[in-house]
Amino acid sequence: MRNIMLLTLLILAQLAATAQITISGKVTDKAGLPLIGANVIVNGTYDGASTDTTGFFSFQTDASDSLMLEVSYIGYVTQIKKIVTGQKSISFQLEETGNTLDDITITAGAFQASDKKKGVSLKPLDIMTTAGASGDLYGGIKTLPGVNQVGEDGRLFVRGGDGYETKTFIDGLEVKKPYNSSTPDLPSRGRFSPWLFSGTLFSTGGYSAEYGGALSSALILETSGSTNFQQTGISIMTVGVGASHTELFKNGSVSVALDYTNLAPYFKIMNHKRSYEKAPEAIGGTVVVRRNVGDKGLLKVLSSVSTSSLKLDYPNMEGVGTSTKVKLNDQDIYVNAAYTHDLGNGWILKPGISLSSNITNIEPGSEKVKENIRGLNGKVLIKKRITNKLGISAGAELFGSSYNQDYNNSITAQSFHGTNTAMQYASFVEMEWIAFKNLAFRLGQRAEYWETEAKWNTAPRLSMAWQLNEWSQISLSAGKFYQRPEDQYLRFNNTLNFENATHLIAGYQIIKNNRTFRIEGYQKNYDNMVRYGSDFTNTALYNNGGSGDAQGIDLFLRDQQTVKNLDYWVSYSYIESKRLYKDYPEKVTPSFLSKHNITLNSKYYVPKIRTQLGMTASYHTGRPYNNPNSTKFMDGTAPAYFDLSLSATYLTNIFKRFTVIYASVSNVLGANQVYTYRYYNSPNNQGTYDRIAVAPDSKRFFVIGCFIDLKKTK
């Protein structure tokens, strides 16, 4: 469990409460008419606002010697002006044009964070203060439409896709294993803090040709390009401690963060269902280096190291009332280096490389399983804006993958060694074209080659957007997507082919007066899915004969305007899906799917007591499960899942040090939460199979802690 900066949300985003200035002004066209809904942003920050019906804007931002203010508006040339010390009011006159690629944003299938030209914005602060997410990047993403609640897993299950179908990319490069390793029915967490990233694009389908290897979804993260303050802080929590420091130098900065988590003290105080011989314990460190290379280059290097362990009693599914001791150790290393260089004349070059290494040892009873996973991703991207109506990007990349698994059973003397090593190559080209003032296209083509299959797969992508007026647009997206089978299958049969899926998405979006409404409908079809029958060790049973489909509707509403200091969003998803894959004997609704999912998030700031109150309420209809006592496959339905989580963030000073006190609790109402059921492998004396409920380890989970900035305040 990574808690690096569970409270850092505080100093990085809320420090503004101690030193802020108000900037106001007006945005008009050349005729002096107000431009309603223009975006006004301080470059390099999330601070900004939209203009009202008179073209007026006003917002608060960190005090600074000078600020660069950027104003953009659909159909007009973006304008940037500098605000110097003492200047608090500024006016803009924008020039109309129909020739900018940013006039119409291609949004079908994408929910984007911290991109000022997208409709749905989830900043790091949104994620970190989401009640119930416990500061987990993926926990915050789960509040968006299209994501299923699979509480015992922790990964992202998107629009009818399995958890492995979502890939994570940092600065355009794949992360081989973005989640912590975990034991069965204990959810994993993301390895990276949301604070590392300035941009978070969560694409639920139809994403750019630049990205591949994911059947359903891509989580695209951009690390911060620069920082303008030096800071040292510590965090003390009920589940661990952490420390961080950022050091500035002439041409860049270095940020170092360490965190230690140990749930043993927490478990001594709070009740929990599982019996731990060794409570979950983890230690991790992250180093981020940012360096300007001359006037036109930027190098960013992210390195992360972590290790975790636990030992617990897990139900032995061979006999009712028995248990098996399960021991887990995990070590992970990830390094990412990305470089951006302005070549001049509109050309941008972006090479990068990432390396992943993960070793997981899990020992259930007499069995020992050791997995060693390594990954390499190298990429070169070049792009150019040819004219104001036409832009093009192209690139090539390679993926190297090495997987080794050793299995030993000390009682039966059984052993197995599985291995798979493969290289995959890809190229892509994409064009953005404004055909008319209100109509934009994005055309892409991706080609992928896998050595073991010895053939190329082509994956066309198409997106378009039609602007209806200043606030709304219609978007369409379609594409083909390929993904190599999981390593755990390739270790038995490395002749398996790529799985593939086709996406068709249509959506409508309106953004006006700090309110966003969005609706999308989609259709997905799967082919060549891996099947292996009832005996997963029998290599002869593995084939690509599986298929599937998914269709549904997603709704998203966010309101930051109606009630002062209140920000809330509502997500709703309806989905129908069936699959024939893995060991399924027939095509059915998969066990991870809830047909109806609704989430309400709200955050209310109380200035008088410098406190933000948060609430997350979620409801998910029951998921299907297979009952061996029934003659039908997958005909059981688990109970509906409901959760109400609350949080509070209080800003204060202790011994003249800026301090944030944070508290959160999940399942406030004490609902009986059941994810699904597990059945024992053998029937009882009456000839029926007994079961256990898969549920959270604790009825409620509490987090209390504080973050202290070691720099004295005046």
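Criteria and thresholds
Residue numbering note: each chain is counted from 1, following its sequence as written. Thresholds applied to this predicted model are a pLDDT of at least 70 for local features of residues and 80 or more for the giving and counting of side-chain atom pairs; totals over whole chains, interfaces and linings are not thresholded and use all residues. Each side-chain value is worked out from all heavy atoms of the structure, with water and hydrogens disregarded. UniProt positions are given in the numbering used here, feature names are shortened, and annotations may be inferred rather than shown by experiment. Every helix listed is a DSSP run of H or I at least four residues long, and every strand listed is a run of E at least two residues long, numbered separately from the N terminus. Here a residue-residue contact requires only that any non-hydrogen atoms of the pair lie within 4.5 Å. For accessible areas, the Shrake-Rupley method is used with a probe of radius 1.4 Å. Any residue's cover is judged against the shown protein chains and nothing else. Here, the term nonpolar core denotes a set of buried Ala, Val, Leu, Ile, Met, Phe, Trp, Tyr and Cys residues that are joined through side-chain atoms within 4.5 Å. The buried label applies to any residue whose accessible area, calculated with a 1.4 Å probe on protein chains only, is under 20% of its type's maximum; exposed applies above 50%, and partly exposed to all values in between. Between 30 and 60 degrees the pair is tilted, below 30 it is stacked and above 60 it is edge-to-face, where a pair is any two Phe, Tyr or Trp rings, Trp via its six-membered ring, whose centres lie within 6.5 Å. Definition used: whenever NZ (Lys) or CZ (Arg) falls within 6 Å of the ring centre and also within 35 degrees of the ring normal, the charge is taken to sit over that ring. The pLDDT value expresses, per residue, how confident the predictor is, ranging between 0 and 100. The criterion for strand pairing is that DSSP finds at least two bridges linking the strands in question. Note on definitions: salt bridges are taken to be side-chain nitrogens of Lys or Arg within 4 Å of carboxyl oxygens of Asp or Glu. Surface patches are defined over residues having more than 30% relative accessible area and no salt bridge, joining like charges when they lie within 9 Å and nonpolar side chains (Val, Leu, Ile, Met, Phe, Trp, Tyr) when within 5 Å. Pairing of N or O atoms within 3.5 Å defines a polar contact, subject to two protein rules: one partner must be a possible hydrogen donor and the other a possible acceptor, and residues neighboring in sequence count only if both atoms are side-chain atoms.

The protein chain has the name CarboxypepD_reg-like domain-containing protein in an unreviewed UniProt entry, where Williamwhitmania taraxaci is given as its organism. The Subcellular location (unreviewed entry) comment attached to the protein chain in UniProt states, word for word, "Cell outer membrane".

S.K.: Let's hear about the overall build of the protein chain: which residues, and what values?
M.R.: In terms of helices and strands, the protein chain carries 5 helices and 40 strands. At a minimum sequence separation of 6, the contacts of the protein chain that also span at least 24 residues come to 62%. Taken as a whole, the protein chain presents about 30,100 Å² of accessible surface, with 56% of it coming from carbon and sulfur.

S.K.: Report on the nonpolar core, specifying residues and quantitative values.
M.R.: Formed by 21 residues in total, the largest nonpolar core has its most connected members in Leu156, Ile170, Phe192, Phe197, Phe202, Leu219 and Leu302. Of all the secondary structure elements, the ones that give two or more residues to this core are α3 (137-141), β13 (197-203) and β14 (217-223). The biggest single contributor to this core is α3, with 3 residues. Grouped together as the second largest cluster of nonpolar side chains are 19 residues, Tyr164, Met529, Ile575 and Phe592 included.

S.K.: How would you sum up the packing of aromatic side chains? Please name residues and give values.
M.R.: This model, assessed by the stated rule, comprises 24 aromatic pairs. Relative to phenylalanine 498, the ring of tyrosine 482 has its centre 6.2 Å away and its plane inclined at 90 degrees; by these criteria the two rings are edge-to-face. Linking tyrosine 482 in strand β27 (residues 472-483) with phenylalanine 498 in the loop between α5 (487-490) and β28 (499-512), this pair joins segments that are 16 residues apart in sequence. The pair formed by tyrosine 482 and phenylalanine 498 is uniform in burial state, with each residue classed as buried. Geometry around phenylalanine 92 places lysine 81 over its ring, the cationic atom sitting 5.0 Å from the centre. The ring of tyrosine 677 has arginine 691 sitting right over it, with the charged end atom 3.7 Å from the ring centre.

S.K.: For the confidence of the model for the protein chain, give the residues involved together with the corresponding values.
M.R.: Scored by pLDDT, the protein chain comes out at a mean of 84, with 87% of its residues at no less than 70. Counted against residues more than four places away or in other chains, residues 98-108, with its pLDDT under 50, gives 56 contacts. Across residues 110-121, where pLDDT falls below 50, the model places 53 contacts with residues more than four positions away in sequence or in other chains.

S.K.: Could you give an account of the pairing of strand β32 (residues 596-606), naming the residues involved and the relevant values?
M.R.: Across a regular strand the side chains alternate sides, sitting on one face of the sheet and then on the other. Note: strand β31 (residues 566-580) against β32, 9 bridges, orientation antiparallel. Along β32, the bridge assignment pairs tyrosine 574 with histidine 596.

S.K.: Outline the pattern of salt bridges, listing residues and values.
M.R.: Pairs can form between side chains of opposite charge once their charged atoms are near each other. Under the criterion given, the structure shown has 26 salt bridges. Between lysine 379 and glutamate 210 there is a salt bridge, with the nearest N and O atoms lying 2.9 Å from each other. Highlighted residues: lysine 379 in strand β22 (residues 367-387) and glutamate 210 in the loop between β13 and β14, separated in sequence by 169 residues. Look at lysine 379 and you get buried, because its relative accessible area is 6%. The network of salt bridges with shared partners includes Arg159, Arg518, Glu520 and Asp554.

S.K.: Describe the environment of glycine 444, naming the residues involved and giving the relevant values.
M.R.: Examined against the element boundaries, glycine 444 turns out to sit in strand β25 (residues 439-450). On the basis of relative accessible area, glycine 444 is assigned to the buried category, the value being 12%. In this structure the C-alpha to C-alpha distance between glycine 444 and proline 460, which are 16 residues apart in sequence, comes to 5.9 Å. The residues touching glycine 444, leaving out its near neighbours within four places in the chain, are Ala209, Val429, Glu430, Ala459, Pro460 and Arg461.

S.K.: Describe a nonpolar patch on the surface, and please don't skip the residues or the numbers.
M.R.: A contiguous nonpolar patch, built from Val305, Ile333, Val335, Ile353 and Leu355 and spanning about 390 Å² of accessible area, is present on the exposed surface. Contributing elements (two or more residues each) for the nonpolar patch: β20 (323-344) and β21 (347-364). Looking at the secondary structure, you find valine 305 in strand β19 (residues 297-315). Looking at valine 305, the relative accessible area reads 46%, which means it is partly exposed.

S.K.: Tell me about unusual backbone geometry, and please be specific about residues and values.
M.R.: Look at arginine 159: it is not a glycine, yet its phi comes out positive at around 45 degrees. With respect to the secondary-structure elements, arginine 159 resides in the loop between β10 (157-158) and β11 (166-170). With a relative accessible area of 1%, arginine 159 lands in the buried category. A positive phi angle is found at asparagine 667, which is not glycine, with a value near 50 degrees. Turning to its location among the elements, asparagine 667 is positioned in the loop between β37 (657-665) and β38 (676-679).

S.K.: Mind laying out the environment of glutamate 152, listing which residues take part and the relevant values?
M.R.: Locating glutamate 152 in the fold gives a position in the loop between β9 (147-148) and β10. A relative accessible area of 9% places glutamate 152 in the buried class. Between the C-alpha atoms of glutamate 152 and serine 188, which are 36 residues apart in sequence, the distance is 8.2 Å. Once residues within four sequence positions are removed from consideration, glutamate 152 is found in contact with Asp185, Leu186, Pro187, Arg623, Tyr675, Thr676, Arg678 and Val694. Of the polar contacts made by the side chain of glutamate 152, one reaches the side chain of arginine 623; its length is 2.7 Å.

S.K.: Give me the pairing of strand β15 (residues 231-237): which residues, what numbers.
M.R.: Going residue by residue along β15, you find Gln231, Gly233, Ser235 and Met237 tucked away on one face and Thr232, Ile234 and Ile236 left uncovered on the opposite face. As paired strands, β15 and strand β16 (residues 240-249) are joined by 6 bridges and run antiparallel to one another. Across the sheet, residue isoleucine 234 finds its bridge partner in β16, namely alanine 243. Connecting β15 to the next strand, β16, in antiparallel fashion are 2 residues.

S.K.: Quick rundown of the side chain of aspartate 332? Include the residues and the values.
M.R.: When you line up the elements, aspartate 332 lands in strand β20. Within the structure, the side chain of aspartate 332 is placed 3.2 Å from the side chain of asparagine 358, a separation counted as a polar contact.

S.K.: Kindly report on the side chain of asparagine 627, identifying the contributing residues and their values.
M.R.: By the element assignment, asparagine 627 lies in the loop between β34 (624-625) and β35 (636-637). Classification of asparagine 627 by relative accessible area gives buried; the value is 18%. Reaching out from asparagine 627, the side chain makes a polar contact with the backbone nitrogen of asparagine 629 at a distance of 2.9 Å. In this structure, asparagine 627 is in contact with Lys632, Asp635 and Tyr679, ignoring residues within four places of it in sequence.

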